[in-house]
Amino acid sequence: MHLYTVLFLVALAAATTMRLWLQQRQLRALEAHRDRVPEPFAGAITAEQHRRAADYNRDGLRLGRLQLLHGTALLLAVTLGGGLAALDALAGRLGWPAPWDGVATLTLLALVLGLANLPFSLYDTFVIEARYGFNRTTPALYAADLARSLALGLALGVPLLALLLWLMTIAGPAWWLYAWAAWTAFLLALQFAWPRFIAPLYNRFRPLEAGPLRDRVDAIVRRCGFAADGVYVMDGSRRSSHGNAYFTGFGRHKRIVLYDTLVERLDADEVEAVLAHELGHFRLKHVRTMLLVGLAVAFAGFAVLGWLAAQPAFYAALGVPEPSPHAALALFVLASPAFTYFLDPLETRWSRANEYAADRYAAEHADGRRLAEALVKLHRDNASTLTPDPLYSAWYYSHPPALERIAALRALAPGPGSASTPAAP
């Protein structure tokens, strides 16, 4: 057995075992705390709502465990089992020249992987989400979303793949540097295009109408010195009853987006506090820094890919007898998550530090207590667990656990009522 094969199998086994162990820890934590609402939330979340959140997260974890085992078996079939080589041979029958032969192989691979994961998505949407009252997606809307995603993937992915494979063929040993530059340009263009051209394919966006809420939003935006194209309400309720808010876009083309479900559930003070938190990410340059770090990580990834693509043993060790640019790209994308999985807690810790910093910014420019109350409502209405396993949350929770975050916000916002439990919605 080749060294690369051994390394891949060891990394995959270690990552899969760790994922299963962490999922089991989370399941035990959910069961252990299912019947007792944490004291800081006792006035805002009922015992029944707490049990419902535990059951919802439990069902999601059980599905995730099956999906993990299925995905691991599928990965082995596609690589060491010769699946990628078989797809390559099938695409080769088309007789297309380079780089279009590689584009055909990678497109077939994406379709196979997508179809293999479709049952899990369907079960999650129409069984688990529906069971707990979150799903509002109809089968027709789900099918339309699937068709839109497929068309968008082809429209954006095919030209990008063709360009990358062409650079891998003609740009010499430094091809990976040019490929990274092309990838960077694509990501930046996507940042500009998403709010204006892509997101409207899936959702309707309407400007936030004039009134007290719009006045509060405009005031906090001005107070924080933020420039945006506008404030929009998105019809998130078409698909789910979950609520959220986000910023999208880049440069001068940024938009503030509120889910209609969020607007319905939070009062003006709470929406203002949530927006102050999101504005904090921009004012503290978290978004820009994360983008730059992401590009730096991509640079390192392309450099490693450039080295591996020149190693014939890399292909043979992962089930592909004939080296090719598209095989190198596919094998790298498929195999690398097994090797990088144990770095995930570093990213999580950094993300949490940014969340705490944005909370501090919100407490300075709005009302930290109102942000805490908004978070309680969101945790309640989204059925988020309040009692995660510490190790599981350290690996997967990009935001601080609810108890830690609420405690930190209270410490930032002393004053009347700060020592009391969050107000009941």
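See above for the structure.
What this report covers is the structure whose coordinates are included nearby. Predicted model, so just to flag it, every value in this text is computed and none were measured.

### What to know about the sheet that holds strand β3 (residues 245–248)
Consider a sheet: its strands pair through backbone hydrogen bonds, and that pairing is either parallel or antiparallel. With mixed pairing, the 4 strands of this open sheet are ordered in space as β1-β2-β4-β3. Every other strand in the sheet has two partners, leaving β1 (205–207) and β3 as the edge strands with one partner each. On average, each strand axis in the sheet is tilted by 30° relative to the strand beside it, whichever way the strands run. Here 4 bridges tie β3 to strand β4 (residues 255–259), and the two strands are oriented antiparallel to one another. Residue pairing in the sheet places A245 in a bridge with L258 of β4. Across the sheet, helix α9 (residues 268–283) lies against β3 and β4, angled at about 35° from β3, the strand it touches most.

### Topic: the environment of T348
In this fold, T348 is placed in helix α13 (residues 344–365). Distance from T348 to S398, taken between C-alpha atoms, is 4.9 Å for residues 50 residues apart in sequence. Those residues in contact with T348, other than ones at most four positions away along the chain, are S393, A394, W395, Y396, Y397 and S398.

### Here's the deal with the packing of aromatic side chains
Given two aromatic rings, their pairing is described by the distance between the two centres and the angle made by the two planes. Applying the stated criterion across every chain, the model contains 13 aromatic pairs. Three or more aromatic residues link up through ring pairs in this structure, and these residues are Y56, Y132 and F134. Between R19 and the ring centre of Y341, over which it is positioned, the NZ or CZ distance is 4.0 Å. Sitting over the ring of Y232, R255 keeps its end group 4.4 Å from the ring centre.

### So, empty space enclosed by the protein
Tallying each qualifying case throughout the model produces 1 cavity of 30 Å³ or more. Of the voids in this model, the largest cavity is the one considered here, and its volume is about 40 Å³. Surrounding the largest cavity, I45, Q49, H50, A53, H379, R380, S384 and L386 form its lining. Put simply, the parts of the chain that give the lining of the largest cavity at least two residues each are α2 (47–78) and α14 (368–381).

### Quick word on the nonpolar core
Grouped together as the largest cluster of nonpolar side chains are 39 residues, with contacts concentrated most on L84, L109, W175, L305, Y315 and L331. The element that contributes the greatest number of residues to this core is helix α12 (residues 325–340), accounting for 9 residues. Setting aside residues up to four positions removed in sequence, Y315 forms contacts with L308, A309, V320, P323, S324, A327, A328 and L331. With 37 residues, the next largest nonpolar core counts C224, F226, V274 and Y361 among its residues.

Parameters at a glance
Residues numbered from 1 in each chain as written. Predicted model: local features only at pLDDT ≥ 70, side-chain atom pairs only at ≥ 80, totals over all residues. Heavy atoms only, no water. Pairing = 2+ DSSP bridges. Helix = DSSP H or I, 4+ residues; strand = E, 2+ residues; numbered from the N terminus. Axes fitted to C-alpha atoms, helices over the stretch in contact; angles between N-to-C directions. Contact = heavy atoms within 4.5 Å. Phe/Tyr/Trp six-rings, centres within 6.5 Å; stacked < 30°, edge-to-face > 60°. Lys NZ or Arg CZ within 6 Å of the ring centre and 35° of its normal. 1 Å grid on protein atoms, 1.4 Å probe; cavity = no way out; pocket = protein on both sides within 12 Å on 5 of 7 lines; lining within 4 Å. Points joined across faces, edges and corners; volume = space filled by probe spheres on them. Core = buried A, V, L, I, M, F, W, Y, C linked by side-chain atoms within 4.5 Å. Buried < 20%, exposed > 50% of the residue type's maximum accessible area, 1.4 Å probe, protein only.

These figures capture arrangement, not role.
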